Amino acid sequence: MKTTERDAKIQELIGKYPKKESAILPVLQFLQKEEGNTLTREAIEEAAQKLDCSTSKVYGIATYYTLFNTKPVGKYHLQVDTCVPGFLHGADAIVDHIAKKLGIKRGETTKDGLFTLSTVQDLGSCATGPVIQVNDRYFENMTIEKTDQLLEGLKKGNWPENDTSMKVVSQCGILINDRTQKDCRALAFYKKNGGYQSFEKALGMKPEDIVAEVKAAEIRGRGGAGFPAGTKWSFLPKNDPRPVYLICNADEGEPGTFKDRQIMEYNPHLLIEGIAVSAHALKAAKAFIYIRGEFGWIADILETAIGEAKDAGYLKHVDIVVHRGAGSYVCGDETAQIESLEGKRGNPRVKPPFPANSGLYGCPTVVNNVETLSCVPYIIKNGAAGFKKIGVPNNFGPKIFGVSGHVKAPGIFEYPMGTPLKEILDAAGGVKGKMKGVIVGGLSVPILTAKEAEGLVLDYDSCAKAGTALGSGGIIVVNDTVSIPELALRTIEFYHHESCGQCVPCRRGSLTIESKLRDIVAGRGQSEDIDLILSLCKNIKGLTLCPTGEAFAAPVQAMVAKFRPEFEALVKR
């Protein structure tokens, strides 16, 4: 790209944001792509100059996020997801095969500079693993044969098609559309099926009445915590002269979770309509979709949908910006996400103040999950009473469950809140082999034994009563071929890798737990290591600014406590 075109593109990116520094991530992403997938020192200096920042600040940000390559990589960067769902789907065999075929180890580049091999943590492709990300493109449902075909194709400059096939069931028909139709993402398809009728209705309502309707629907946030969305909206200060910002949290990084991707990738206008209605209700003239950086093609789909909606006149009241993250699990926390949007490292903030009063740029801010916002059109169209006909008391509405691990037909399942776990697993073809345990809310919730999972109903209250949490609804099934100590090690590897390092209990605790679990799995552990791990897990809870500390303490503690004999069998006595 010529210098004038390059400068123009950078200025275009900067112009999307109220404050210049918010464009740091998109500018760095653009420059990395321009420089052949490596973020050079010169590119960092260029970004600093264009953004009026110090080079040290830009470098500090570039080295915080995992998607920036500050060291050279090959023309094709092969990144294999070996996190828990990938591990259960056989990712290790793919890594070993690539290493043997190319004659390199993890982290190395072939002598001809063509391939670099890396292992990465969770690509949000949990039902379609093993998955290999090549530069910014996904290749899912990989086998040894498909991997060989991929490598041979890349050597010739040919990119094969991605296989995204998985089981898809929508009992509610609200959040998941008919993705078998080629035009399922188009505005015309969405409108043909009643799209934007809720928005038209909302325009005839007072903003406060929309907030009241969402509050009356008692929809609990679908990001994991389950906090009532309408109550969160009502926290915004009244008659405040500062602008209100709406952020859609699409940074789907919890292992086992891939529900939001389904809406954005195949039903983007549902989310756009949800944002349009919500922005009207909250009087927000600016909204951001903070999408994880690995989902580059989905960000493109969203931008196309936003353009269609804008051309059709649905977004006259709000400007929606798709902001691509750069690889940080912690940025799923709302305050870390706000910091990242402001052009900083994604470190969580101390609360209070809460985002509703002092969020993005110090202004009132609402942060809602993709699935939460996508339920808003149904609530407005059918009223709170109509929404509450779905689900069970205190747990209303539809829920998308992602099922991965040892089931015969992994996939995505939209069912009413309060559906029995067994019904979801039966829809996923049943358990492959004999169930040993199941994680029902993404990797960060306590594992249940097969016995504990009997009769479990999937809603927030029932899961809490069973000693776990519904979380994001990411269901990971583990059969009796799996070593729980190895599963625990994979779990802590993810969270230690993703810790932002700001809080000592999380930074040092995850490091120590990983070290001790690695020793145990390798046969070097001592019996006292087991008690140390349990003690650390118990004491880390509640001592970190964001939920990451508890996100690893809770599952690891449950794995060790419930399957302790497996750990004891590996240690020296």
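On a predicted model such as this, the values are computed, not experimentally measured, just so you know.

> Got a minute to help me understand the overall build of the chain in this structure?
The helix and strand tally for the chain stands at 24 helices and 18 strands. The C-alpha atoms of the chain give a radius of gyration of 23 Å, which matches the 25 Å a tight globule of 573 residues would have. Dimensions of the chain, computed from C-alpha atoms along their principal axes, come out at roughly 70 × 60 × 45 Å. A total of 573 residues make up the chain; the buried ones form 59% of that total. Pairs at least 24 residues apart make up 71% of the contacts formed inside the chain by residues separated by at least 6 positions.

> I tried to follow the domain arrangement of the chain on my own but got confused; where do I start?
It is common to report an interface's size as the accessible area lost on association of the parts. By domain assignment, the chain separates into domain 1 (3–64), domain 2 (76–155), domain 3 (169–387), domain 4 (391–479) and domain 5 (484–568). Computed over C-alpha atoms only, the centres of domain 1 and domain 3 are separated by 27 Å. Listed by partner, the interface residues are 15 residues for domain 1 and 21 residues for domain 3. Each partner contributes to the roughly 1,300 Å² buried at the junction of domain 1 and domain 3, and carbon and sulfur atoms together form 54% of this total. In this structure, the connection of domain 1 to domain 3 is made through 0 salt bridges. In this assembly, domain 1 and domain 3 are joined by 8 residue pairs in polar contact (both at pLDDT 80 or more). For the side of domain 1 that touches domain 3, the secondary structure elements donating two or more residues are helix H2 (24–34) and helix H4 (55–62). Classifying every residue of the side of domain 1 that touches domain 3 gives 7 nonpolar, 4 polar and 4 charged.

> Explain the sheet that holds strand E12 (residues 398–405) to me, please; I cannot follow it from the model alone.
The strands making up a sheet are joined through hydrogen bonds of the backbone, oriented either antiparallel or parallel. An order of E5-E13-E12-E18-E15-E16 is seen for the 6 strands of this open sheet, with the pairing classed as mixed. At either margin of the open sheet sits one strand with a lone partner, and together these are strand E5 (167–170) and strand E16 (448–449). Pairing geometry for strand E15 (residues 435–439) and E16, over 2 bridges, is antiparallel. Residue Val-438 lies in a different strand from E16, and its bridge partner there is Leu-448.

> Please clarify how the state of the cysteines should be interpreted in this entry.
Cysteine pairs can be linked by a disulfide, which is a covalent bond between their two sulfur atoms. One pass over the structure, following the stated rule, counts 0 disulfides. Here Cys-172 is not disulfide-linked; the sulfur of Cys-375 is the nearest cysteine sulfur, at 9.2 Å. The thiol sulfur of Cys-503 is not disulfide-bonded, and the nearest other cysteine sulfur, from Cys-500, lies at 6.1 Å.

> Just to check I follow, could you spell out the nonpolar core for this structure?
Generally speaking, soluble globular proteins have nonpolar side chains that are buried together. Met-264, Leu-271, Ile-272, Ile-275, Ile-289, Ile-291 and Ile-320 are the most contacted members of the largest nonpolar core, which totals 68 residues. The element that contributes the greatest number of residues to this core is helix H13 (residues 268–282), accounting for 9 residues. With near-sequence residues (within four places) excluded, Ile-289 lies in contact with Cys-248, Ala-250, Leu-271, Ile-272, Ile-275, Leu-302, Ile-306, Ile-320, Val-321, Val-322 and His-323. Counting 40 residues, the second largest nonpolar core, distinct from the first, contains Leu-13, Tyr-245, Val-330 and Tyr-361.

> Explain the packing of aromatic side chains to me, please; I cannot follow it from the model alone.
Pairs of aromatic rings are described using the distance from one ring centre to the other and the angle between the two planes. A full pass over the atoms with the stated rule returns 19 aromatic pairs. Ring centres of Tyr-245 and Phe-288 lie 6.5 Å apart, and the angle between their planes is 40°; this geometry places the pair in the tilted category. Here Tyr-245 is found in strand E6 (residues 244–250), whereas its partner Phe-288 is found in strand E7 (residues 284–291), with 43 residues between them in sequence. One exposure class covers both Tyr-245 and Phe-288, and it is buried. Cluster of aromatic residues (ring-pair linked, three or more members): Tyr-17, Tyr-245, Phe-288 and Tyr-361. We note Arg-179 situated over the ring of Tyr-266; from NZ or CZ to the ring centre the distance is 3.9 Å.

> Quick question: what am I supposed to make of the pattern of salt bridges here?
Side chains that carry opposite charge are capable of pairing whenever their charged atoms lie near each other. Considering all chains together, one arrives at 42 salt bridges under this definition. Taking the shortest distance from any N to any O, the salt bridge between Arg-261 and Glu-140 comes out at 3.0 Å. In this pair, Arg-261 sits in helix H12 (residues 259–266) while Glu-140 sits in the loop between strand E4 (137–139) and helix H7 (144–155), placing the two residues 121 residues apart along the sequence. For the pair shown, Arg-261 and Glu-140 are each scored as buried. With a closest N to O distance of 3.0 Å, Glu-342 and Arg-349 form a salt bridge. Of the two residues, Glu-342 and Arg-349, both sit in the buried class.

> Would you explain the side chain of Asn-37 in this entry?
Along the polypeptide, Asn-37 turns up in the loop between H2 and helix H3 (41–51). For Asn-37, the side chain forms a polar contact with the side chain of Asn-135, separated by 3.4 Å. Setting aside residues no more than four positions away along its own chain, Asn-37 makes contact with Gln-32, Asn-69, Val-73, His-77 and Asn-135.

> Just to check I follow, could you spell out the packing of H13 against helix H14 (residues 296–311) for this structure?
Relative placement of two packed helices is described by the angle separating their axes and the distance separating the axes. Packing of H13 against H14 leaves a shortest axis separation of 9 Å and a crossing angle of 60°. In terms of orientation, H13 and H14 fall into the oblique class. Handedness of the crossing formed by H13 with H14: right-handed. Contacts from Pro-268, His-269, Leu-271 and Ile-272 of H13 reach H14 at Ile-301, Leu-302, Ala-305, Ile-306, Glu-308 and Ala-309.

What counts, and at which threshold
Residues numbered from 1 in each chain as written. Predicted model: local features only at pLDDT ≥ 70, side-chain atom pairs only at ≥ 80, totals over all residues. Heavy atoms only, no water. Helix = DSSP H or I, 4+ residues; strand = E, 2+ residues; numbered from the N terminus. Rg over C-alpha atoms; globule rule 2.2 N^0.38 Å. Buried < 20%, exposed > 50% of the residue type's maximum accessible area, 1.4 Å probe, protein only. Contact = heavy atoms within 4.5 Å. Domains from an automatic or database assignment. Buried area = accessible area lost by both parts, 1.4 Å probe. Salt bridge = Lys/Arg side-chain N within 4 Å of Asp/Glu carboxyl O. Polar contact = N/O pair within 3.5 Å; in protein donor to acceptor, adjacent residues only side chain to side chain. Nonpolar A, V, L, I, M, F, W, Y, C, P; charged D, E, K, R; others polar. Pairing = 2+ DSSP bridges. Disulfide = S-S within 2.5 Å. Core = buried A, V, L, I, M, F, W, Y, C linked by side-chain atoms within 4.5 Å. Phe/Tyr/Trp six-rings, centres within 6.5 Å; stacked < 30°, edge-to-face > 60°. Lys NZ or Arg CZ within 6 Å of the ring centre and 35° of its normal. Axes fitted to C-alpha atoms, helices over the stretch in contact; angles between N-to-C directions. Parallel < 35°, antiparallel > 145°, perpendicular 65-115°, else oblique. Left-handed = near helix turned anticlockwise from the far one by under 90°.

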